Amino acid sequence: MDPEAADYLKTFKKESWRTVLTLAYQSLGVVYGDLSTSPLYVYKSTFAEDIHHSESNEEIYGVLSFVFWTLTLIPLLKYVFIVLRADDNGEGGTFALYSKLCRHARISFLPNCQVADEELSAYKKDACDSPRPHTTVGSRVKALLEKHRVLQKFLLVLALIGTCMVIGDGVLTPAISVFSAVSGVELSMAKEHHKYVEVPVACIVLVFLFALQHYGTHRVGFLFEPIVITWLLCISAIGLYNIFHWNPHVYQALSPYYMYKFLRKTQRGGWMSLDGILLCITGSEAMFADLGHFSQLSIKIAFTFFVYPSLILAYMGQAAYLSKHHIIESDYKIGFYVSVPESIRWPVLVIAILAAVVGSQAIITGTFSIIKQCSSLGCFPRVKIVHTSSKIHGQIYIPEINWILMLLCLAVTLGFRDTKRMGNASGLAVITVMLVTTCLMSLVIVLCWHQSIVLAVLFIFFFGSIEALYFSASLIKFREGAWVPIALSMIFMLVMYVWHYGTLKKYEFDVQNKVSINWLLSLGPSLGIVRVRGIGLIHTELVSGIPAIFSHFVTNLPAFHQVLVFLCIKSVPVPRVQPEERFLVGRIGPKEYRLYRCIVRYGYRDVHKDDIEFEKDLVCSIAEFIRSERQEPTGLDELEKEDSRMTVVGQSTRGDGIKLCDDGSSSSVNSDAAGTSELREIRSPVVARKRVRFVLPESSPRMEVGVREELEELMEAREAGMAFILGHSYVRAKRGSSLLKKLVIDVGYDFLRRNCRGPAYALSISHASTLEVGMIYHV
């Protein structure tokens, strides 16, 4: 290796490690805030049960042993070492696991899936995917899932349950974190007074927290990182002090034998108290859900070397203090603050409140991300998504969801006013998400990683049995607060199901009522009407065929544009689509008709471009398709095949493609340009009419006459302007439908459609050049 290459490699490694450590530092303020505040309420919730302590400390040691092994097995072993490796091209979360499974088996319910989408490079970049073929059992599992739609629906419902529980956790975690932190005032105020202070202060802090969200994750996280670090150092120091000062032998409780002794002595009361112990891993799912904001290595480093040791020391310190202070039962309910030395209690209270605000940030950020994923994949009504960072696409803010979460959070705080019931509710939401993750991960091990079915069974048996134990302890508290996440999940599940069902039926109507190619050919090159100058963009959900909205339009209006483009904006189940793979372009009918189909593919993490850049890329893609199209026969059978075949055409950013230059020069197809590197888009505010120039690469072969004429016509149409025809469908249940279907379609879906946002593409285009065509769909 030459010296220059060696120096470059050394510099690259140094910068890479610097980047990883920087991300690990930043992850503390976004990912681990929730997990780091759990010591505030774990012991308080656990000893709220009917557990009587004795001088032998068996109950305290047993709880500490449960906390230690739960933290070790679930967040450290399961999430850090296994689940984080199952990322969906860098993205995490319950829906990302479902998306990953959909890419390796045909189980997706997305109605407009294409074989061409599987050729995206994002489908082939899974670092953990083995190149080996499926095992025999793996092939059988895949075939079974692809054959039975009942199993496919079950997987979709499972993913949606996990998603809804994450949203429910986004309501409950801020409430319990902030309320537990504020409860520290109990030590400094009379009992009859502090109850009038806790709830108002908690509500004020919650309103402040949700009001901060519009500033974005980056700014909020930058503010929060030092707070989390200070908090973790604080609880570590207090833990070490309590261990050495009160009980240096507390480490003995790390033996799993104390778990057995705890359950044997406490029996049913100990089993029910597991719901409180479960809260020590609240926030673990944020490590996976927020993976897209950081990287696997940075999250592993932050948790393994800083967060995990700090939490263990904090819990050991609390246990050491309680083991030497067998005080009255009510004092156990004070929880964390009773183990803090009086001289630093108020500073710790302030840091705890700030840390609780940070802890809520992680799950709120995860809630925004997962709702965007569901919305992109047609499982949630369209909402306004604000991208708060120009550099990190995953950092978003959803106003409607933010204020809904705030109102629900305030309702929980005002309704419960008790850490115990909030803990019951939060615990059930957390453990349900973890159970769903375990089930989906077992399928990932077989279908995506091509491992033995034995490994998958061992995974689901080992982790599933632990989580099932905690789940049973949480579910038994249904009447004591655990009904809240179930009620919230049912509401969100109903919304998701109604929206998904209505969207699916609407698409099926489009497919069943497509216009045939024979009808198009019968109209002739003019389509039976006057062709006016310009480009007409017809927005459709169809990826093949001619939509019914087109025949409806032609029947009622006497003119159409000289160039027609049937445009389909679709989401594919990958996080991001490379720019050079974004456009699929094809032709409809003979060349003289000037009809094109363009499918624009976006991943569920992609950011849509503005209308000017999008129009430019679209026109360039069509021009590149015209230039590179192969000559083929034009019989009816060939035309039908042509309509179903699409060509991947890169954007104008490609170095070897056609460039579009809008300037004041005369319109021409310039194949003799000196180069393309200095091209810029020039828009003059004085000249109202835009001139368009296509610049071809130097290596471009000589064009045929027909291709040149088609490109010139496309340029003229681009100069004349672009009009957008949007179909506005009113979906109604057809006659003879069941009462349930009428309720879902005519009431539920119609209400959601009227009150949700329009398509993201429709929001960015100019209203002056938009025409909306209405049509009633009877599904």
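Worth saying up front: this structure is predicted, and the values here are computed from it rather than measured.

Got a sec to walk through the overall build of the protein chain? Specific residues and values, please.
When helices and strands are counted, the protein chain shows 26 helices and 12 strands. Counting the 779 residues in the protein chain, one finds 57% classified as buried. Across the protein chain, every contact between residues at least 6 apart in sequence was considered, and the portion connecting residues at least 24 apart equals 84%. Surface accessibility of the protein chain: about 32800 Å² in total, with carbon and sulfur atoms responsible for 61%.

Kindly report on the side chain of threonine 282, identifying the contributing residues and their values.
For threonine 282, the position within the fold is in the loop between helix H11 (268-277) and helix H12 (284-289). The class of threonine 282 is buried, set by a relative accessible area of 1%. Separated by 3.0 Å, the side chain of threonine 282 and the backbone oxygen of leucine 279 make a polar contact. Sequence-distant contacts of threonine 282, that is, excluding residues within four places in its chain, are made with Asp34, Leu35, Tyr41, Thr173, Ser426 and Val430.

Any chance you could break down helix H24 (residues 705-720) for me, citing the residues and the numbers?
Taking 1.5 Å of rise per residue, the 16 residues of H24 would be expected to cover 22 Å, and the 23 Å separating its terminal C-alpha atoms lies within 8% of that figure. Within H24, the full set of buried residues consists of Val707, Glu710, Leu711, Leu714, Met715, Ala717, Arg718 and Glu719. Once H24 finishes, glycine 721 follows within two positions and takes phi at roughly 120 degrees, a positive value.

If you had to explain the side chain of serine 621 to someone new, which residues and values would you point to?
Inspection of the secondary structure assignment puts serine 621 in helix H22 (residues 611-628). From its side chain, serine 621 meets the backbone oxygen of aspartate 617 in a polar contact 2.8 Å long.

Talk me through the nonpolar core; I want residue IDs and the actual numbers.
What tends to happen in soluble globular proteins is that the nonpolar side chains get buried as a cluster. Tyr32, Leu71, Phe95, Phe303, Tyr315, Phe336 and Met441 are the most contacted members of the largest nonpolar core, which totals 164 residues. Here the element with the most residues in this core is helix H7 (residues 149-182); it accounts for 17 residues. If we skip the residues at most four places from it in the chain, tyrosine 32 touches Ser27, Met287, Ile299, Ala302, Phe303 and Val307.

Any details on the sheet that holds strand E5 (residues 583-587)? Residues and values, ideally.
Ordered in space as E7-E5-E6-E4-E3-E11-E12, the seven strands form an open sheet in which the pairing is mixed. Each end of this open sheet is capped by a strand with a single partner; those strands are strand E7 (647-649) and strand E12 (770-778). Put simply, the sheet's adjacent strands are angled 30 degrees from each other on average, direction ignored. As paired strands, E5 and E7 are joined by three bridges and run antiparallel to one another. Opposite phenylalanine 583, over in E7, you have valine 649 as the bridge partner. In the packing of helix H19 (residues 483-512) onto the sheet, the strands contacted are strand E11 (722-732) and E12, and the crossing angle to E12 comes to about 95 degrees.

So, the packing of aromatic side chains: which residues are in play, and what are the values?
Applying the stated criterion to the full structure yields 17 aromatic pairs. Taking the centre distance of 6.4 Å and the plane angle of 70 degrees together, the rings of tyrosine 257 and tyrosine 258 count as edge-to-face. Judged by centre distance (5.0 Å) and plane angle (80 degrees), the rings of phenylalanine 462 and phenylalanine 463 are edge-to-face. Overall, phenylalanine 463 belongs to the buried group, its relative accessible area being 3%. An aromatic cluster is defined as three or more aromatic residues linked by ring pairs; in this entry it consists of Tyr61, Tyr257, Tyr258 and Tyr260. Over the face of the ring belonging to tryptophan 449 we find arginine 85, whose NZ or CZ atom lies 4.9 Å from the ring centre.

Could you give an account of the packing of helix H17 (residues 419-447) against helix H18 (residues 453-475), with specific residues and numbers?
Closest axis-to-axis distance for the H17/H18 pair is 9 Å, and the angle between their directions is 170 degrees. Viewed along their axes, H17 and H18 adopt a mutual orientation that is roughly antiparallel. By residue class, the composition of the contact of H17 with H18 is 18 nonpolar, six polar and one charged.

Residue-level account of the packing of H7 against H17, with values.
Viewed as axis vectors pointing N to C, H7 and H17 meet at an angle of 150 degrees, and their least axial separation amounts to 8 Å. One way to sum up the angle between H7 and H17 is to call them roughly antiparallel. Helix-helix and strand crossings are classified by hand; for H7 and H17 the assignment is left-handed. Tallied by class, the residues present in the contact of H7 with H17 amount to 18 nonpolar, seven polar and one charged.

Give a detailed account of the state of the cysteines, specifying residues and quantitative values.
Across all of its chains, the model carries zero disulfides by this definition. Distance from the sulfur of cysteine 379, which forms no disulfide, to the nearest cysteine sulfur (cysteine 374) is 6.0 Å. Here cysteine 379 falls in the buried class, since its relative accessible area comes to 3%.

Account for the pattern of salt bridges, naming residues and giving values.
Applying the stated rule across the entire model yields 13 salt bridges. For the salt bridge of glutamate 615 with arginine 718, the shortest nitrogen-to-oxygen distance reads 3.2 Å. A residue pair is termed long-range when its members are at least 10 positions apart, and glutamate 615 in helix H22 and arginine 718 in helix H24 qualify at 103 residues. The burial state of glutamate 615 is the same as that of arginine 718; both residues are buried. Through salt bridges that share partners, Glu58, Glu59, Lys261 and Lys265 make up one connected network.

I'd love a proper account of unusual backbone geometry, names of residues and values included.
Of note, glutamine 267 is a non-glycine position whose phi angle comes to about 55 degrees, a positive value. Mapped onto the elements of the fold, glutamine 267 is located in the loop between helix H10 (257-266) and H11. For histidine 450, which is not glycine, the phi torsion reads 55 degrees and is therefore positive. With respect to the helices and strands, histidine 450 occurs in the loop between H17 and H18.

Which residues make up H11, and what values go with them?
One turn of the α-helix equals 3.6 residues, which is why residues spaced by three or four share an orientation. Burial of H11 is extensive: eight of the 10 residues sit out of reach of the surface. Three or more residues of H11 are buried, namely Gly269, Gly270, Met272, Ser273, Leu274, Asp275, Gly276 and Ile277. Buried-residue contacts for H11 involve helix H3 (42-46), helix H4 (58-80), H10, H17 and H18.

Hey, could you go over the confidence of the model for the protein chain for me, with residue numbers and the actual values?
With 76% of its residues at a pLDDT of 70 or more, the protein chain has an overall mean of 77. Considering each helix and strand of the protein chain separately, the mean pLDDT is smallest for helix H14 (residues 329-332), with a value of 45, and largest for H18, with 92. Residue range residues 7-15 is modelled with pLDDT below 50. Its contacts to residues more than four positions away, or to other chains, number one contact. Segment residues 328-334: pLDDT under 50, and 16 contacts once partners within four positions in sequence are set aside and those in other chains are kept.

Tell me about a nonpolar patch on the surface, and name the residues and values.
A contiguous nonpolar patch, built from Val137, Ile453, Val454, Leu455, Val457, Leu458, Ile460 and Phe461 and spanning about 680 Å² of accessible area, is present on the exposed surface. Counting residues per element, the nonpolar patch draws most heavily on H18, at seven residues. Mapped onto the fold, leucine 458 is located in helix H18.

Rules used in this analysis
- By convention here, each chain's residues receive numbers from 1 onward along its written sequence.
- Reporting in this predicted model follows two pLDDT cut-offs: at least 70 for local features of residues, and 80 or more for side-chain atom pairs to be given and counted; totals over whole chains, interfaces and linings ignore these cut-offs and use all residues.
- To obtain the side-chain values, all non-hydrogen atoms of the structure were used and water was disregarded.
- Here a strand is any run of E in DSSP of at least two residues, a helix any run of H or I of at least four, and the numbering for each starts at the N terminus.
- Throughout this description, buried means an accessible area under 20% of the type-specific maximum (1.4 Å probe, protein chains only), exposed means over 50%, and partly exposed covers the range between.
- Note on contacts: a residue pair is in contact if any heavy atoms of the two residues lie within 4.5 Å.
- For the accessible areas, the method is Shrake-Rupley and the probe is 1.4 Å, while residue cover comes only from the protein chains on display.
- Residues adjacent in sequence count toward polar contacts only when both atoms are side-chain atoms; beyond that, a polar contact is any pair of N or O atoms within 3.5 Å, and within protein one must be able to donate a hydrogen and the other to accept it.
- The span expected for a helix works out to 1.5 Å for each residue beyond the first.
- In this description, a nonpolar core means a group of buried Ala, Val, Leu, Ile, Met, Phe, Trp, Tyr and Cys residues linked to one another through side-chain atoms lying within 4.5 Å.
- Each pair of strands is called paired provided DSSP finds at least two bridges between the two strands.
- In this description, a line fitted to the C-alpha atoms serves as the axis of each element, helices being fitted only across the stretch in contact, and the angle between N-to-C directions of two axes falls anywhere from 0 to 180 degrees.
- What counts as a ring pair is set by centres within 6.5 Å for rings of Phe, Tyr and Trp (its six-membered ring), and what kind of pair is set by the plane angle: stacked under 30 degrees, edge-to-face over 60, tilted for all other angles.
- A ring is considered to have a charge above it if a Lys NZ or an Arg CZ atom is located within 6 Å of its centre and within 35 degrees of its normal.
- Orientation categories follow fixed angle ranges, with anything under 35 degrees roughly parallel, anything over 145 roughly antiparallel, 65 to 115 roughly perpendicular, and all other angles oblique.
- Residues are grouped as follows: nonpolar covers Ala, Val, Leu, Ile, Met, Phe, Trp, Tyr, Cys and Pro; charged covers Asp, Glu, Lys and Arg; every other residue, Gly included, is treated as polar.
- The sense of a crossing depends on the near helix, which, turned anticlockwise from the far helix by less than a right angle, makes the crossing left-handed and, turned clockwise, makes it right-handed.
- A pair of sulfur atoms, both from cysteines and within 2.5 Å, is called a disulfide here.
- Salt bridges are counted wherever a side-chain nitrogen of Lys or Arg sits within 4 Å of a carboxyl oxygen of Asp or Glu.
- One confidence number per residue, pLDDT, is output by the predictor and ranges from 0 to 100.
- The residues that make up patches have over 30% relative accessible area and no salt bridge, and they are joined within 9 Å when like-charged or within 5 Å when they are Val, Leu, Ile, Met, Phe, Trp or Tyr.

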